[in-house]
Amino acid sequence: MDSTFDPNQSAAFSAAPEVQPLLAKELTGDLRCARCQYNLRGLSIRARCPECGMSIRGTILAKVDPHASELQPIYFPRLTALGLVVWPLAAILAAACLWWLRASEMAARASPSWVGDGAVLFTLLSGLGAVALIKPHAQIAADGIARAAIGVLLYLPLALAFHIVINRMDSIAPTPFVALGQLSTERSAVRLICDLLMMVLLACLRPNARLFVHRSMLLRSGKVDRQTMLAMVGALAVIAVGDLAHLFGARAAGGIEQIAQVLGTVLIAVGSMFLTIGMVGVLVDIFRILPAVLSAPVSLESVTDGEFSGSMLSTSSSRVP
Ligand SMILES: [Zn+2]
């Protein structure tokens, strides 16, 4: 929840007597009806949409962003939007390649040779998309920019580590996930590095990703804010515990080794499933944020000649059911 929203403060605004006459003002700027897209310009704020009957006040509450004047314009809206979509989408495709490899292995069938390379290349592509998070607009804290840049750079060692596990180690010996597979200290160690890299890069990218959440009125109001990236770090922690169990099992013997192998595999499978679901969740959130990235937010000043104070609506908009 954004701390700048203070319902108590807003209540004071709507109670102010000088606010009432302003409600009769006309819309002097373009504002499309929230239901039918009819241009409401020139109509009174108290009126209803002549096309569909929706109250203009309702459209203002839905469309006008009381924080519009505080939001910095994005340098390259379309390029940024593209990067924001590619970031989770390529990650989902990389995950799909990895699931494909595991599924083929369990079914004892050979997967096409490009699937392993696909996982590595889609990982790099996801990192390329994440460049959009580094400095999308002015006035971003220097540590946020630095962190996001580090997060993007971490995709390089991550892709290399994936390449080593998938295309080198797994091509020589079966993975520990299948019946014939043996636990391997080296494989689990490199996997553990992958887990840690992903946890750190998610934590590095998150602050600037949150900047986009704050741009979207829908997400900012907390109704659909699901802290997906934190949940993904949690899923990675589960995977890391699974890899630690494998690492421990590789050094143990007999019954303990088997228990560690089964436990580790279950944890890795469950964590990987939640991690993949988290990636889809991020993609869904990105699509919700896109309208706020592609077009500048509508300010109350831009539709009413600046005669309104933006804070007047901040109350009511946070109370919309
Ligand atoms: Zn309408």
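Residues numbered from 1 in each chain as written. Predicted model: local features only at pLDDT ≥ 70, side-chain atom pairs only at ≥ 80, totals over all residues.

### Points about the overall build of the chain
Defined as follows: Numbering goes from the N terminus for both helices and strands, where a helix is a DSSP run of H or I of at least four residues and a strand is a run of E of at least two. Residues are called buried when their C-beta atom has 20 or more other C-beta atoms within 10 Å, exposed when it has 12 or fewer, and partly exposed otherwise; all C-beta atoms are positioned from the backbone. With C-beta atoms placed from the backbone, a contact is any residue pair whose C-beta atoms sit within 7 Å.
Within the chain, the secondary structure is distributed over 13 helices and zero strands. Counting only residues that meet the buried cut, the chain has 36% of its 321 residues in that class. In the chain, of all internal contacts separated by at least 6 residues, the share reaching a separation of at least 24 is 70%.

### A word on unusual backbone geometry
Backbone geometry places Q37, a non-glycine residue, at a positive phi of 70 degrees. By secondary structure assignment, the location of Q37 is in the loop between helix 2 (19–22) and helix 3 (56–63). We classify Q37 as exposed; it has 11 C-beta atoms within 10 Å. One non-glycine residue, A108, adopts positive backbone phi at about 55 degrees. Counting through the fold element by element, A108 comes out in the loop between helix 4 (77–106) and helix 5 (114–130).

### Focus: the packing of helix 10 (residues 228–251) against helix 11 (residues 254–294)
Counted only if it meets this: Every angle, taken between N-to-C directions, lies between 0 and 180 degrees, and every axis is a line fitted to C-alpha atoms, over only the stretch in contact when it is a helix. Roughly parallel here means an angle under 35 degrees, roughly antiparallel means over 145, roughly perpendicular means 65 to 115, and every remaining angle is called oblique. Crossing handedness: left-handed means the near helix sits turned counterclockwise from the far one by under a right angle, and right-handed means the same turn made clockwise.
At their nearest, the axes of helix 10 and helix 11 sit 7 Å apart, and the two run at 160 degrees to each other. Judged by the angle between their axes, helix 10 and helix 11 are roughly antiparallel. Helix 10 and helix 11 meet at a crossing whose hand is left-handed.

### With respect to helix 5
Heads up, the rule is: Multiplying 1.5 Å by the residue count of a helix minus one yields the expected span of that helix.
Between its first and last C-alpha atoms helix 5 spans 24 Å; for 17 residues at 1.5 Å apiece the expected length is 24 Å, and the two agree. For helix 5, the full list of buried residues reads G116, G118, A119, V120, F122, T123, L125, S126, G127, G129 and A130.

### Focus: the nonpolar core
Selection criterion: We define the nonpolar core as any set of buried residues of the types Ala, Val, Leu, Ile, Met, Phe, Trp, Tyr and Cys, connected via C-beta atoms lying within 7 Å of each other.
The biggest cluster of nonpolar side chains holds 55 residues, and the ones touching the most others in it are A94, A119, L158, F162, L201 and L205. Secondary structure elements with two or more residues in this core: helix 4, helix 5, helix 6 (142–153), helix 7 (155–172), helix 8 (185–215), helix 10 and helix 11. Residue contacts for A94: discarding those within four places in its chain leaves A119, F122, T123 and S126. In this structure, L40, I45, C49 and V64 belong to the second largest nonpolar core, which totals eleven residues.

### Quick word on helix 4
It helps to recall that an α-helix has 3.6 residues per turn; residues three or four apart then point in one direction. Helix length check: helix 4 (30 residues) gives 44 Å between terminal C-alpha atoms against 44 Å at 1.5 Å per residue, within 8%. Phi turns positive, to about 55 degrees, at A108, one or two residues after helix 4.

### Observations concerning the packing of helix 4 against helix 11
As a reminder, the rule being used: Three classes are used: nonpolar for Ala, Val, Leu, Ile, Met, Phe, Trp, Tyr, Cys and Pro, charged for Asp, Glu, Lys and Arg, and polar for all others, with Gly counted as polar.
Contact geometry for helix 4 and helix 11: axes closest at 9 Å, N-to-C directions at 170 degrees. It follows that helix 4 is roughly antiparallel to helix 11 by the angle criterion. Only T276, M279, V280, V282, L283, I286, L290, V293 and L294 of helix 11 make contact with helix 4, whose side of the interface consists of P77, R78, T80, A81, L84, V85, P88, L89, A91, I92 and A95. Looking at the contact of helix 4 with helix 11, its residues break down into 17 nonpolar, two polar and one charged.

### With respect to the environment of R102
As for its placement among the helices and strands, R102 is situated in helix 4. With 76 residues separating them along the chain, R102 and V178 place their C-alpha atoms 8.9 Å apart.

### Here's the deal with the confidence of the model for the chain
Our working definition: Each residue gets a pLDDT score, which is the predictor's confidence in that residue and runs from 0 to 100.
The predicted model of the chain has a mean per-residue pLDDT of 86, with 86% of residues at 70 or higher. Below a pLDDT of 50 lies the segment residues 1–20, which in the model reaches 18 contacts outside its immediate sequence neighbourhood of four places, other chains included. In this model, residues 309–321 is a region of pLDDT below 50 whose contacts with residues beyond four sequence positions or in other chains number 29 contacts.

### Comments concerning the environment of G118
On the secondary structure map, G118 appears in helix 5. Residue G118 is classed as buried on the basis of its 21 C-beta neighbours within 10 Å. For the pair G118 and A96, spaced 22 residues apart in sequence, the C-alpha separation works out to 9.4 Å.

### Concerning the environment of G127
With respect to the secondary-structure elements, G127 resides in helix 5. When the 23 C-beta atoms within 10 Å are taken as the criterion, G127 is described as buried. For the pair formed by G127 and A159, sequence separation is 32 residues and the distance between their alpha carbons is 9.4 Å. Apart from residues no more than four positions distant in its own chain, G127 is found in contact with V152 and Y155.

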